[in-house]
Amino acid sequence: MITAIDQRPDVVSGDANAMSPVWARIVSRCQESSNTASYTMKFVDPEIGRRYRFLPGQFNMMYLFGVGEAAISVSSDPANSDSLVHTIRHVGSVTFAVDRLKVGQCVGLRGPFGSNWPLESCKGRDILLVAGGIGIAPLRPAIYQLLKNRDQYGRVILLYGIRSPQDMIFKEEVEEWMERRDFQVLITVDYPSENWTGPVGVVTKLLRRVRVDSRNTSVFVCGPRVMNRAAAHSFLSHYVPEDQIFVSLERNMRCGIGQCGHCQYGPKFVCKDGPVFSYASVRNLFGKDEV
Ligand SMILES: Cc1cc2nc3c(=O)[nH]c(=O)nc-3n(C[C@H](O)[C@H](O)[C@H](O)COP(=O)(O)OP(=O)(O)OC[C@H]3O[C@@H](n4cnc5c(N)ncnc54)[C@H](O)[C@@H]3O)c2cc1C
Ligand code: FES
């Protein structure tokens, strides 16, 4: 039985019930696109930095004093977890406040929370990653792991959909990945620029360009709701089994630890049971907005 949950690392927080954040300092900022930046952070207490571990797909709650908290995935390499990267699209109160911070200033963090991409149980299989926009951020730690242990997997393929070429995040890295012979990367845009020569259209259209071995493929999907739904249904129609399609879902979060009910998803909590779910485990809820 394949599960989305491997052994989860301990949660780092300022108290026993994981509700109070600890300080992390921004040590660098990289502007990824017009509204998105990656922030490298180090815990102010080096002992916490040494203890902190996360699994690909997990998230932290990021706290801005006097503003609020938001769930943000870790986008860095799990092998280097004392220096964390969070890639943030500035869309609302907390994320706009992060945008205004300078290098050297601090945020509060607690985590890591949630389930992870099931890299262990998918060993030996082809891995198809489907990312839409900022959805590539929670997939990047999985990509690092897959490339580090490349011989333990079959084909590794990334299908990446973005609005326009200017919206590509992790641009240099994506270009490096495209150079590799053991990693197939296909990118599509909704709005091409004059010099764009690649595919145009929704990310699921890229499926026509890859061979899917339905018996031996696991799929990891992360993007906007509509894309998640379309991608999951496309793979089902390619006969990929429901328990081999994994989707990272978004809900508004408050506590992050299954206590407040804010992220309720039918009988499940996205913060605790997700954000990574197998399609089989959410089949009846999938695509319904008000559950
Ligand atoms: C598990 C998980 C992982 C995530 N990982 C990331 C990540 O890695 N990077 C990232 O950037 N985001 C991530 N998110 C999304 C992020 O948590 C949300 O976008 C969060 O709401 C941002 O907080 P905020 O206070 O900045 O925005 P909010 O103020 O909560 O606003 C969020 C959205 O709501 C809209 N909005 C705000 N107020 C109103 C209103 N009054 N009426 C109508 N619409 C409104 C905003 O325009 C915006 O689109 C993740 C979410 C989850 C659940
Ligand atoms: S955020 Fe409180 S239960 Fe999930």
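Residues numbered from 1 in each chain as written. Chains lettered and ligands numbered in written order. Predicted model: local features only at pLDDT ≥ 70, side-chain atom pairs only at ≥ 80, totals over all residues.

Let us now look at the overall build of the protein chain. Along the protein chain, the regular secondary structure elements total six helices and 14 strands. The C-alpha radius of gyration computed for the protein chain amounts to 18 Å, which stays within 12% of the reference 19 Å derived for 291 residues, consistent with globular compactness. Overall, the C-alpha framework of the protein chain stretches about 50 × 45 × 40 Å when taken along its three principal axes. (Helix = DSSP H or I, 4+ residues; strand = E, 2+ residues; numbered from the N terminus. Rg over C-alpha atoms; globule rule 2.2 N^0.38 Å.)

Considering the arrangement of structural elements, one finds Y279 in helix α6 (residues 279–282). For Y279, a count of 22 C-beta atoms within 10 Å translates into the label buried. Each C-alpha atom, one on Y279 and one on P241, is 8.9 Å from the other, the two residues being 38 residues apart in sequence. The residues contacting Y279, other than those within four sequence positions of it, are A232, E242, I245, V247 and F286. (Buried ≥ 20, exposed ≤ 12 C-beta atoms within 10 Å, placed from the backbone. Contact = placed C-beta atoms within 7 Å.)

Turning next to the pairing of strand β2 (residues 36–43). As defined by bridge partners, strand β1 (residues 22–33) adjoins β2 across eight bridges and the pair is classed as antiparallel. Within β2, the position partnered with Q31 by the bridge is A37. By the bridge criterion, seven bridges tie β2 to strand β5 (residues 83–89) in an arrangement that is antiparallel. Paired with K42 across the bridge in β5 is S83. (Pairing = 2+ DSSP bridges.)

It is worth spelling out the site of ligand 1 at this point. Of all residues adjacent to ligand 1, which total 21 residues, the nearest are A70, S73, G92, V94 and T95. Among the secondary structure elements, those contributing two or more residues to the shell around ligand 1 are β4 (68–73), β5, α2 (93–100) and α3 (136–148). The element best represented in the shell around ligand 1 is β4, accounting for five residues. Across the shell around ligand 1, the residue classes break down as twelve nonpolar, six polar and three charged. A domain-level breakdown of the shell around ligand 1 finds at least three residues from each of domain 1 (22–113) and domain 2 (126–282). (Near = placed C-beta within 6 Å. Nonpolar A, V, L, I, M, F, W, Y, C, P; charged D, E, K, R; others polar. Domains from an automatic or database assignment.)

The biggest cluster of nonpolar side chains holds 77 residues, and the ones touching the most others in it are L129, V130, V219, F220, V221, I245 and F246. When we break this core down by domain, the ones giving at least three residues each are domain 1 (22–113) and domain 2 (126–282). (Core = buried A, V, L, I, M, F, W, Y, C linked by C-beta atoms within 7 Å.)

With that settled, the discussion passes to the domain arrangement of the protein chain. On domain assignment, one finds that the protein chain holds domain 1 (22–113) and domain 2 (126–282). Relative placement of domain 1 and domain 2: their C-alpha centres are 22 Å apart. Considering every element that reaches the side of domain 1 that touches domain 2, the biggest residue donor is strand β6 (residues 106–113), with three residues. The class makeup of the residues in the side of domain 1 that touches domain 2 is seven nonpolar, eight polar and four charged.

This paragraph deals with the sheet that holds β4. Taken in spatial order, the six strands make up an open sheet running β4-β3-β6-β1-β2-β5, and their pairing is antiparallel. Two strands bound the open sheet, and with one partner strand each, they are β4 and β5. This sheet shows a mean twist of 40° between the axes of neighbouring strands, independent of strand direction. Of the strands in this sheet, β2, β3 (59–64), β4, β5 and β6 are in contact with α2, which crosses β4 at around 80°. (Axes fitted to C-alpha atoms, helices over the stretch in contact; angles between N-to-C directions.)

Next up on the list: unusual backbone geometry. Most peptide bonds take the trans form, and the phi angle of most residues other than glycine is negative. The omega torsion of the bond from G111 to P112 falls at 5°, within 30 degrees of zero and hence cis. In this model, G274 is joined to P275 through a cis peptide bond whose omega is 10°. Phi is positive for F170, which is not a glycine, with a value near 60°. Looking at the secondary structure, you find F170 in the loop between β8 (156–162) and α4 (171–179). Its identity as a non-glycine residue notwithstanding, Y239 has a phi of 65°, on the positive side.

The next thing to look at is the sheet that holds strand β10 (residues 217–222). Taken in spatial order, the six strands make up an open sheet running β9-β8-β7-β10-β11-β14, and their pairing is mixed. Two strands in the sheet have a free side with no partner beyond their single neighbour: β9 (184–189) and β14 (276–278). If you compare each strand with its neighbour and ignore which way they point, the axes differ by 15° on average. Looking at chain direction, strand β11 (residues 245–248) and β14 are connected through three bridges and run antiparallel. Paired with V247 across the two strands is F277, which belongs to β14.

β3 sits mainly inside the fold: six of its six residues count as buried. Taking every second residue as pointing to the same face, both faces of β3 are buried, with F59, M61 and Y63 on one and N60, M62 and L64 on the other. In this sheet, β4 lies alongside β3 in antiparallel orientation, the contact comprising six bridges. Counterpart to M62 in the pairing with β4 is A70. Hairpin connection from β3 to β4: three residues lie between these consecutive antiparallel strands, with G66 at a positive phi of about 80°. Across four bridges, the pairing between β3 and β6 is antiparallel. Paired with Y63 across the strands is G108, a residue of β6.

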